[in-house]
Amino acid sequence: RPPQPLPQCRECCKKRCFFTGHRTLYVGAQMPLVRQSHRHHRRHSQKHRKGEPEKDSAPTEQGYHCSPSQRVQFILRTKEDEQHVPHRLFSELDEICVKEGQDAEWKETARWLKFEEDAEDGGERWSKPYVGTLSLHSLSELRSCISNGTVLLDVCANSIEEIADMILAQQEQSTEFDEHMRAQVREVLLRKHHHQNEKTTNLLPVVCSFADVSKRQSDLHLLCKPAQTITPCPSPTAAEAKDGVNRASRAMDLSKAELHFMKKIPTGAEASNVLVGELDFLHQPIMAFVRLSPAVLLSGMTEVPIPTRFLFVLLGPEGKGHQYHEIGRSMATIMTDEVFRDVAYKAKNGADLVAGVDEFLDQVTVLPPGEWDPSIRIEPPKNVPSQEKRKMPGALDDSASHSTLEKHGGPELQRTGRLFGGLTLDVKRKAPWFWSDFRDGLSLQCLASFLFLYCACMSPVITFGGLLGEATNGHISAMESLLGASMAGVVYSLFAGQPLTILGSTGPVLVFEKILYKFCKEYTLSYLSLRACIGLWTAFLCIVLVATDASCLVCYVTRFTEEAFASLICIIFIYEALEKLSHLRDTYPVHTHSKLDFLTSYYCKCEAPTHPSNETLRFWESNKINVSGIAWENLTVTECRYLHGEFQGPACGRDGPYTPDVFFWCCILFFATFALSSFLKKFKTSRYFPTRVRSTVSDFAVFLTIVIMVLLDFVVGIPSPKLHVPHAFKPTRDDRGWFINPIGPNPWWTVLAALVPALLCTILIFMDQQISAVIVNRKEHKLKKGCGYHLDLFMVAVMLGVCSVMGLPWFVAATVLSITHVNSLKVESDCSAPGEQPKFLGIREQRVTGLLIFALMGCSVFFTSVLKFIPMPVLYGVFLYMGVSSLRGIQFFDRLKLFWMPAKHQPDFIYLRHVPLRKVHFFTAIQLICLVLLWTVKVSHAAIIFPLMLFSN
């Protein structure tokens, strides 16, 4: 049976609120519990008249009563009109202040956009935002005020005079509240408001009195007949309402408003004004809760020029000012609660508001007074839990959502049963987003991502080409690697299903190339022709996998495999960055046991080899070099190495003179690049500089680091190794062209024999591509444009065939580069309340960054005059940064740190709440063993079976 609301309470209304001195318990009001606690004030819900259900309330069965949460859920499910749509609220607490020799005025003491900020008079500033803590006594008194006080709903008013008259009309005439006292209260309500952002010496204050504002307003709405609960008047038209706002806006000096704070208020927000204070002439409290319809811009009442929707007034006798202040804080805080705010917008009567307060009380957490200091200001949490469980009884809370099994699914991974059915659906799914992929790329963040990843992609492509050149005797080298990466990357970025993926070269491919070249050299076969046959077969097999929807197997890739693969690639990046730095010591050796007193006697000179090797003799003979006619001591280091000379002297290493300053300078550049990149990336959360400056510095963190390090290296002048880019657009070897004959001089049977290694290459390409795509397409990235596993594999297969025919390296999805690309395009909310952390909204999905990266990479041969200034240790430092930063999002490393962490210091991970720690350690140990096995295979001669190991996982 659906939940039914409680009937309106028929309890006899008391004319005054009694503020008794209960023991104070402080309540954390901003962090409601999801679990229901004991109900409060149930006695009120049972005192109603039978047979007289309240209007607009659902009937209840005899003997059955709804809980406050059930009634609130019923209220939130009611149909809403235009005037009752909930908006974000800005709450402001003003208290009446009387200064000696001056008239009384309303002074702003606190404000709420999401968290509480207090006006600190001593410092003349706003306090740091904090979680508001409320006493249980003040919440109880607030409930009593709403139950027994005046509640005016859907009031049509255009000025504070109208509102004040309607509030005072509800107060019955008595000896304690006569006409003179009524006039005094009205005068107090019309006093001007002084806000924290105003200067006391300002000759032209921002805020004028309500009496002055009323003189400027000529078109006033008629008042409805006052009653305990006011029924709605005919709402003004949109044009009239807009004109009223414009008139009020013109009446206010907007140049004096706090425009900086206005930027933090979301569009369409409305105000909730809370007015409290003590008056010496009052003998009984006056309380009123007013909801305006429509919201009206009451000039000068609110700190920022936004329309007022709610008004809460509490005035009482002297001596209880602190209690009035705490009740006002409770009212302002509860108005910022997401659930009570919706109830306040949709309430039909005061009983609905009381039900909202009761539901709020059900969710609060009580802090024992003897174990906590009320003066402590609680820091706002990083993530506020969702309140959907309070609104909808069937909604899952955060813990339940985390406990569900994570599985890759969706329409992208459903088998169609038709040839190329998945590919066709991918094209249809991505086609509507094609033009938006270019419009969304017109952003400063995309420019920062492009500059960063261009530098990050250039070095591995050139390095991979250089290693291929050594392994294949120059048949495929840096020039071919640049051209292949540019062609494959541009085409993939234009037409792939997930353009956020960055293509790159992989270690198993390099191992395969070495084995294939050695095989061809032993059996006198044409390496490039046999390689072209293998590449064409591999492309064909990948297209067969696309045609049969084999990418649907990705749904069986578990988080275990994802983390093993991603962790291994990240570790490889970190290891290779450190390994390349250590190799610089061989090129620039360090004299470790030198004596400072003998520095003047140290020397290193070139001499003719005493016992030349056969290779050296053949070199001299083939180049007709006269050894005796060479002045060896005058040769440079490069000339000495070219002529196969020997270095002799106490300052000589194995391959040349000691150069300690170069190696140590490379270490400084390496670690400084990593440290500065990490620091600038975290600069977004710094406390210094405006938000826009911090965001820009964070987006351009790596690019700024590279520029700073290049300038520093240029100023210091130590000859560090630089990036070498081919300067001519031509094949590395003169005996090959840009197009390769698949058969060439090889026998015809090599075309069929190439099918066997092509099967292994197909597994390698498929696993590398699809596991990287799974990591990019994770649900936590909140991608909105969908993915296309079949289309991605199809584009990789097409470009693999093209690169094979042209004799270029093969490129597939690069995991770390893709993760780095995604992380550089994260989008967070711009408008956030003070103290609220920006919310992650998703990824800026576009094709522009990848397109520019690989297009500029192909043009790099024309930029050698600029790229030659980039030190290689700086790029190695970027590799280290990418590897370490990519590890942060992997759960495996979070669990790995738990081994050395005492239980009391362990983070509050959701899985630690539901799984025993010993099982977490056991699962982590299994993953660690598998990772060690993968690493062992990766660094051994069996690296070519690396994809098979992944497949077995």
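Refer to the preceding data block for the structure.
Residues numbered from 1 in each chain as written. Predicted model: local features only at pLDDT ≥ 70, side-chain atom pairs only at ≥ 80, totals over all residues. Heavy atoms only, no water.

The helix and strand tally for the chain stands at 36 helices and 18 strands. Evaluated residue by residue, the chain yields a buried proportion of 51% over its 953 residues. Long-range contacts, defined here as pairs at least 24 residues apart, represent 80% of the contacts in the chain between residues at least 6 apart. Accessible surface computed for the chain: about 45,900 Å², of which carbon and sulfur atoms make up 59%. (Helix = DSSP H or I, 4+ residues; strand = E, 2+ residues; numbered from the N terminus. Buried < 20%, exposed > 50% of the residue type's maximum accessible area, 1.4 Å probe, protein only. Contact = heavy atoms within 4.5 Å. Areas by Shrake-Rupley, 256 points an atom, 1.4 Å probe, with all protein chains shown as cover.)

Chemically, a disulfide is nothing more than a covalent bond linking the sulfur atoms of two cysteines. Taken as a whole and judged by the stated rule, the model has 1 disulfide. Residue pairing for Cys606: its cysteine sulfur links by disulfide to Cys640, the two sulfurs lying 2.1 Å apart. Around the S-S axis, the bridge from Cys606 to Cys640 shows a dihedral of about 80° and counts as right-handed. Of the two residues, Cys606 sits in strand S14 (residues 605-607) while Cys640 sits in helix H22 (residues 637-642), which places them 34 residues apart along the sequence. Its relative accessible area of 5% is what places Cys606 among the buried residues. The thiol of Cys667 is not disulfide-bonded; the next cysteine sulfur, from Cys666, is found 7.0 Å away. (Disulfide = S-S within 2.5 Å.)

A separate point is the packing of aromatic side chains. Applying the stated criterion across every chain, the model contains 15 aromatic pairs. Both rings, one in Phe670 and one in Phe671, keep their centres 4.9 Å apart while their planes meet at 85°; by these two values the pair is edge-to-face. The class of Phe670 is buried, set by a relative accessible area of 0%. Through pairs of rings, three or more aromatic residues link up here, namely Phe289, Phe310 and Tyr345. (Phe/Tyr/Trp six-rings, centres within 6.5 Å; stacked < 30°, edge-to-face > 60°.)

Time to look at the pairing of strand S9 (residues 270-278). Of all 9 residues that make up S9, 8 are buried, and the element is covered over most of its length. Bridging between strand S2 (residues 89-97) and S9 involves 7 bridges; their strand directions are parallel. Residue pairing for S9: Ser91 is matched across the bridge by Ser272. (Pairing = 2+ DSSP bridges.)

Residues Phe452, Ile534, Leu817, Ile853, Met857 and Met882 are the most contacted members of the largest nonpolar core, which totals 121 residues. Per-element accounting of this core gives the leading share, 14 residues, to helix H16 (residues 444-471). Residue contacts for Ile534: discarding those within four places in its chain leaves Phe512, Leu516, Ala754, Pro757, Ala758, Cys761 and Trp810. (Core = buried A, V, L, I, M, F, W, Y, C linked by side-chain atoms within 4.5 Å.)

Turning our attention to the side chain of His790. Inspection of the secondary structure assignment puts His790 in helix H28 (residues 789-806). Assessed through its relative accessible area of 0%, His790 is described here as buried. If we ignore the near neighbours within four places in the chain, the residues touching His790 are Glu412, Gly422, Leu423, Asp426, Val546, Asp549, Ser551 and Cys552.

With that settled, consider the pattern of salt bridges. A full pass over the atoms with the stated rule returns 22 salt bridges. As a salt-bridge pair, Arg191 and Glu187 come within 2.9 Å of each other at their nearest N and O atoms. Residue Glu187 is classed as partly exposed on the basis of its relative accessible area of 43%. With its nearest N and O atoms 3.3 Å apart, the salt bridge here joins Asp342 to Arg341. When sorted by exposure, Asp342 lands in the same class as Arg341, which is buried. The structure contains a network of salt bridges with shared partners spanning Asp437, Asp440, Lys785 and Arg847. (Salt bridge = Lys/Arg side-chain N within 4 Å of Asp/Glu carboxyl O.)

Moving on, we get to the packing of helix H2 (residues 68-76) against helix H11 (residues 350-363). Where H2 meets H11, the closest approach of the two axes is 8 Å, and the angle between their N-to-C directions is 125°. By the criterion of interaxial angle, the relationship of H2 to H11 is oblique. Along this stretch, H2 crosses H11, giving a crossing that reads as left-handed. For the pair H2 and H11, the contacting residues are Pro68, Ser69, Arg71, Val72 and Ile75 in the first and Ala351, Asp352, Ala355, Gly356, Asp358, Glu359 and Asp362 in the second. (Axes fitted to C-alpha atoms, helices over the stretch in contact; angles between N-to-C directions. Parallel < 35°, antiparallel > 145°, perpendicular 65-115°, else oblique. Left-handed = near helix turned anticlockwise from the far one by under 90°.)

This paragraph deals with a nonpolar patch on the surface. A cluster of nonpolar residues, Tyr688, Phe689 and Val693, forms a patch on the protein surface that exposes about 360 Å² of accessible area. Here Val693 lies in helix H24 (residues 691-699). (Patch = residues over 30% accessible without salt bridge, like charges linked within 9 Å, V, L, I, M, F, W, Y side chains within 5 Å.)

Attention now goes to the packing of helix H20 (residues 559-587) against helix H23 (residues 660-681). Close contact between H20 and H23 brings their axes to 9 Å; oriented N to C, the two are set at 165°. Here H20 is positioned roughly antiparallel relative to H23, judged by the angle of their axes. Read as a crossing pair, H20 and H23 show a hand that is right-handed. Counting all contacts with H20, which are made through Ala577, Leu578, Leu581, Leu584 and Arg585, the residues of H23 involved are Phe663, Cys666, Cys667, Phe670 and Phe671. Counted by class, the contact of H20 with H23 contains 9 nonpolar, no polar and 1 charged residues. (Nonpolar A, V, L, I, M, F, W, Y, C, P; charged D, E, K, R; others polar.)

What follows deals with unusual backbone geometry. A cis amide bond links Ser293 to the next residue, Pro294, at an omega of 0°. As for its position among the elements, Pro294 is in strand S10 (residues 286-296). Here Asp154, not a glycine, exhibits a phi torsion of approximately 55°, which is positive. Among the secondary structure elements, Asp154 is positioned in strand S7 (residues 150-155). The class of Asp154 is buried, set by a relative accessible area of 9%. Phi is positive for Asp549, which is not a glycine, with a value near 55°. Structurally, the position occupied by Asp549 is in the loop between helix H19 (527-547) and H20.

Turning our attention to the side chain of His195. With respect to the secondary-structure elements, His195 resides in the loop between strand S8 (193-194) and helix H6 (210-216). Within polar-contact distance, the side chain of His195 engages the side chain of Glu92 at 3.2 Å. (Polar contact = N/O pair within 3.5 Å; in protein donor to acceptor, adjacent residues only side chain to side chain.)

Okay, H11 next. Relative to the 20 Å expected for 14 residues at 1.5 Å per residue, H11 spans 20 Å between its end C-alpha atoms, a close match to the ideal helical length. Counted residue by residue, H11 has 14 buried out of 14 residues, so it is predominantly covered. Among the residues of H11, the N-terminal cap falls to Asn349, whose side-chain oxygen and the backbone nitrogen of Ala351 are separated by 3.2 Å. (Expected span 1.5 Å × (residues − 1).)

What follows deals with the pairing of strand S11 (residues 308-316). Of all the 9 residues making up S11, 9 are buried; the element is thus mostly covered by neighbouring parts of the structure. Across 8 bridges, S9 lies against S11 in parallel orientation. From the neighbouring strand, Ser272 faces S11, where its bridge partner is Phe310. Strand direction decides the pairing type here: S10 and S11, joined by 7 bridges, are antiparallel. Within S11, the residue paired with Arg291 across the bridge is Phe310.

Let's shift gears to the environment of Thr696. Relative to the elements of secondary structure, Thr696 occurs in helix H24. Note: C-alpha distance between Thr696 and Lys681 (15 residues apart in sequence) is 9.9 Å.

By secondary structure assignment, the location of Gly807 is in the loop between H28 and strand S16 (812-813). As for Gly807 and Gly484, which are separated by 323 residues in sequence, their C-alpha atoms are 8.9 Å apart. Apart from the residues lying within four places of it in its own chain, the contact partners of Gly807 are Ile476, Glu480, Arg531, Arg736 and Ile740.

Don't take any of this as a statement about function, it's just geometry.
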